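# Tertiary structure, described
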Amino acid sequence: MTETLLQIASNYAAAHADGKGLASTPFAGISIVRETAPSALQFAISKPLVALVLQGAKRVAVGATSLDLGAGDSLVISSDVPTVSQITRATAAVPYLSLVVELDPIVIEGLVVEMGAAPYVPSQPLRVEPTERDVSDAALRLLRLIDRPSSASILQSQVLRELHYWLLAGRHGGAIRALGMADSHAQRIGRAVAIIRADYAKPLRVDRLAKAAGMSQSAFHLHFRSITSLTPLQFQKQLRLIEARRTMLADGASIATASHRVGYESVTQFTREYCRLFGMPPGRDMREAKRRVESAA
């Protein structure tokens, strides 16, 4: 990993990171994560993305698969899957830093057509490999455009496309190729996932999701689970609980307000399922989160 990429990312994140350590960039889907201390467990349903770790270390798990990554590694999440992650090495003097790029299926589809037939690796949504020089070079040129908005308006899409190309051409290519294969199971399930994400607070209609994916309901259940590791109902439930937790942490919403906002009719059921996912009831979880913030201050 080039020192220049680390330095540019470090300077930008130090100036722009919010209270959660996330520094958004002017480019959609591109952000820098900065943490100055090891973190608590973080729960998310991640979109397909690549994260280039520039400094520090992190552990990410999907189901029973747990991977450690550090400076010079890149993580690819190639489908919408629930992840549990934790920053394991970070200090105020040497913070954890990673560049996160959401993968664009439209760009990938165009590149796959141009690049021609090649193998892809199914059922491996989480992969860690050393970051290749071509990938880091493209990432560096992308970050350099931040301070050159007139150039960025012309070159941004080209550099992002090149970054996707090098990912496809490199070690991670087999894992993300299915995102760009026209009418692949990954693409079809992705259409259903987009509906669940948009309407997570509404009752789940599997017939609507299966129709969007162009599958029978039995085939839809089979492929949904093989790609996301969850059933559609489990996916929606985790998405609801994660969003409720975010609402309580970020907005100070009460337990009842948060549970109803994400679609629960029963606070008791919400509390029971929250405890099952996060390991403690919501009230205790919020007190623990507040204590961690106060200790870090």
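Notes on the structure follow. Keep in mind the model is a prediction, meaning the values are calculated, not measured. Note that residues are indexed from 1 along each chain, following the sequence as it is written. Given that this is a predicted model, residues contribute local features only at a pLDDT of at least 70 and side-chain atom pairs are listed and counted only at 80 or more, while totals for whole chains, interfaces and linings are drawn from all residues. To obtain the side-chain values, all non-hydrogen atoms of the structure were included, while hydrogens and water were left out.

Next up on the list: the overall build of the chain. Assigned secondary structure in the chain consists of 12 helices and 10 strands. Computed over its C-alpha atoms, the radius of gyration of the chain comes to 20 Å, within 12% of the 19 Å expected for a compact globule of 297 residues. In terms of its C-alpha atoms, the chain occupies a principal-axis envelope of roughly 55 × 50 × 35 Å. Note on definitions: a residue-residue contact is assigned when non-hydrogen atoms from the two residues lie within 4.5 Å. Once local pairs closer than 6 in sequence are excluded, the contacts in the chain between residues at least 24 apart make up 70%. Neither His nor the chain ends contribute to the count of charged residues, in which Lys and Arg are positive and Asp and Glu negative. Just so you know, the charge point we use is NZ for Lys, CZ for Arg, CG for Asp and CD for Glu. Taken together, the 34 basic and 26 acidic charged side chains of the chain have centroids lying 5 Å from each other. What counts as a helix is a DSSP run of H or I of at least four residues, what counts as a strand is a run of E of at least two, and both are numbered from the N terminus. With C-alpha atoms as the basis for the radius of gyration, the globule rule is written as 2.2 Å multiplied by the number of residues raised to the power 0.38.

Right, let's get into the side chain of His172. Along the chain, His172 falls in the loop between α4 (149-169) and α5 (173-176). In contact with His172, not counting residues within four places along its chain, are Ser74, Val76, Arg127, Val128, Glu129 and Leu167.

Attention now moves to the nonpolar core. For our purposes a nonpolar core is just a set of buried Ala, Val, Leu, Ile, Met, Phe, Trp, Tyr and Cys residues, chained together by side-chain atoms within 4.5 Å. Only protein chains enter the accessibility calculation, which uses a 1.4 Å probe. A residue is then buried if its area is under 20% of the maximum for its type, exposed if over 50%, and partly exposed in between. Counting residues in each nonpolar core, the largest one holds 36 residues, and the members touching the most others are Ile32 and Leu99. Every element with two or more residues in this core is listed here: α1 (3-16), β2 (30-35), β4 (49-55), β9 (96-102), α2 (105-115), α3 (133-144) and α4. What Leu99 contacts, discounting residues up to four positions off in sequence, is Ile30, Ser31, Ile32, Val50, Ala51, Leu52, Ala139 and Leu143. Leu239, Leu241, Ala258 and Phe270 belong to the second largest nonpolar core, which has 30 residues in total.

Moving on, we get to the environment of Val262. Examined against the element boundaries, Val262 turns out to sit in the loop between α10 (255-261) and α11 (267-278). Its relative accessible area of 1% is what places Val262 among the buried residues.

In most cases, non-glycine residues show a negative phi, while peptide bonds are predominantly trans. A positive phi angle, near 75 degrees, is found at Ser229, a position not held by glycine. Judged by relative accessible area, Ser229 falls into the partly exposed class, the value being 36%.

Geometric descriptors of this kind do not, in isolation, establish any biological role.
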